[in-house]
Amino acid sequence: MFEFFPWLIALAVMALFWWQSLGARWAARRAALAACENAEVTFIDELAFQRIWLGRGTLKRRYRFEFYRRGDRRYSGYVDMHGQRVAHIEMEPYPL
C-alpha cells in the first residue's frame, strides 16, 4: 500500500502545477485583452507560452500575443506573470 504513496504525491504536485498554470494563463489572457482594448487595437491570437523561470520564490511565466491596428500588419506583445499576478505587459510600437 505504501509503495504507491510517492507516486500519489508526485501526481498531486503535477496536478497542482497544471491547475496553477491554467489560472496564470487565463489571468494573462484577460490582461492582454484589456491592454488591447485600452490601446484600441484588436487582439487576434490566443496566448502562446514563451518561457518559465524561477524568481524569488515564485514561478514566473511569459506569454506572447499578437494584435493589429488596421489589419495590414501584425504586432506582438507579451505578458509577464509572477505566480497568478500580472507583473508586466508590453506591446510592440504600432502606428496610430
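Further up the page is the structure itself.
Figured I'd write up the structure that's included with this text. (Residues numbered from 1 in each chain as written. Predicted model: local features only at pLDDT ≥ 70, side-chain atom pairs only at ≥ 80, totals over all residues. Heavy atoms only, no water.)

A look at helix α1 (residues 5-38)
- Compared with the 50 Å implied by 1.5 Å per residue over 34 residues, the 50 Å span of α1 between its first and last C-alpha is a close match.
- Every buried residue of α1 is accounted for by S21, A24, A27, A28, A31, A32, A35 and C36.
- In the core, the buried residues of α1 are packed alongside β1 (42-43), β3 (58-68), β4 (74-82) and β5 (85-91).
- Just past α1, the residue E40 takes up positive phi, approximately 60°. (Helix = DSSP H or I, 4+ residues; strand = E, 2+ residues; numbered from the N terminus. Expected span 1.5 Å × (residues − 1). Buried < 20%, exposed > 50% of the residue type's maximum accessible area, 1.4 Å probe, protein only. Contact = heavy atoms within 4.5 Å.)

Some thoughts on the nonpolar core
- In terms of nonpolar packing, the biggest core is built from 15 residues, with F65 and M81 touching the most fellow members.
- Mapped by element, the contributors of at least two residues to this core are α1, β3 and β4.
- The greatest single-element share of this core, amounting to five residues, is contributed by α1.
- In this view, M81 contacts A24, A27, A28, L59, K60, R61, Y63, V86 and A87; residues no more than four positions away in its chain are not counted. (Core = buried A, V, L, I, M, F, W, Y, C linked by side-chain atoms within 4.5 Å.)

Regarding the packing of aromatic side chains
- All chains considered together, the criterion is met by seven aromatic pairs.
- The interplanar angle of 55° and the centroid separation of 6.5 Å between the aromatic rings of W18 and W19 together place this pair among those described as tilted. This pair shows no difference in class: W18 is exposed, exactly as W19 is.
- Ring centres of F49 and Y63 lie 5.8 Å apart, and the angle between their planes is 70°; this geometry places the pair in the edge-to-face category. Of this pair, F49 sits in strand β2 (residues 48-55) while Y63 sits in strand β3, and the two are 14 residues apart along the sequence. (Phe/Tyr/Trp six-rings, centres within 6.5 Å; stacked < 30°, edge-to-face > 60°.)

Structural notes on the pairing of β3
- Where β1 and β3 come together, two bridges link them in antiparallel fashion. Looking at the pairing, T42 lines up with Y68 of β3.
- Strand direction decides the pairing type here: β2 and β3, joined by seven bridges, are antiparallel. Looking at β3, one finds that A48 is bridged to R64.
- Pairing geometry for β3 and β4, over nine bridges, is antiparallel. When the bridges of β4 are listed, F67 appears paired with Y75.
- Here β3 folds back onto β4 in antiparallel fashion, the turn holding five residues, of which G71 has a positive phi close to 95°. (Pairing = 2+ DSSP bridges.)

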